[in-house]
Amino acid sequence: MDNGQQMRITRRAYELWQQAGEPIGRDEEFYRQAARELKEGAKSNDGNNPASDCKGRL
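Now for a quick tour of the structure. From a predicted model like this one, the values you see are computed outputs, not experimental measurements.

On to the nonpolar core. If you look at the biggest cluster of nonpolar residues, it comprises five residues: Ile9, Ala13, Leu16, Phe30 and Ala34. When contributions to this core are tallied by element, the ones reaching two or more residues are helix H1 (3-19) and helix H2 (27-44). For this core, the element with the highest residue contribution is H1, accounting for three residues. Setting aside anything within four residues of it in sequence, one finds Phe30 in contact with Ala13, Leu16, Trp17, Ala20 and Pro23.

The following block contains the structure:
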């Protein structure tokens, strides 16, 4: 896993943790969920939808 991918997972895990009310002791749970989400997102973004690559940059 490269540093960029690890950083995206960490950022997403932090977002999930905040949305859940910042519970103590569930960091690994949120990290695993973020990794799963990003992995699934990568599978669905197979290059056939160039608009998806622009998300957040419009």
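Okay, the packing of H1 against H2 next. Relative orientation of the contacting elements H1 and H2 amounts to 120°, with a least axis distance of 8 Å. Here H1 lies oblique to H2, going by the angle between them. Relative to H2, the crossing made by H1 is right-handed. Across the interface between the two elements, Gln6, Arg8, Ile9, Thr10, Arg12, Ala13, Leu16 and Trp17 from H1 touch Phe30, Tyr31, Gln33, Ala34, Ala35, Glu37 and Leu38 from H2.

Calculation rules
- Positions within a chain are numbered from 1, following the residues in the order the chain's sequence is written.
- With the structure being a predicted model, the display of local features is reserved for residues of pLDDT at least 70 and the display and counting of side-chain atom pairs for 80 or more, all residues being used for whole-chain, interface and lining totals.
- Side-chain metrics in this entry use all non-hydrogen atoms of the structure; hydrogen atoms and water are not considered.
- To qualify as a nonpolar core, a set must consist of buried Ala, Val, Leu, Ile, Met, Phe, Trp, Tyr and Cys residues joined through side-chain atoms within 4.5 Å.
- The rule is simple: take the accessible area with a 1.4 Å probe, protein chains only, and divide by the maximum for that residue type; under 20% is buried, over 50% is exposed, in between is partly exposed.
- In DSSP terms, a helix is any run of H or I states spanning at least four residues, a strand is any run of E spanning at least two, and both are numbered starting from the N terminus.
- Here, two residues are considered to be in contact whenever any of their heavy atoms come within 4.5 Å of each other.
- Axis definition: a line fitted to C-alpha atoms, limited for helices to the stretch in contact. Angles are taken between N-to-C directions and run from 0 to 180 degrees.
- For classification purposes, angles smaller than 35 degrees are called roughly parallel, those larger than 145 roughly antiparallel, those between 65 and 115 roughly perpendicular, and all remaining angles oblique.
- Should the near helix be turned anticlockwise from the far one by less than a right angle, the crossing is termed left-handed; should it be turned clockwise, right-handed.

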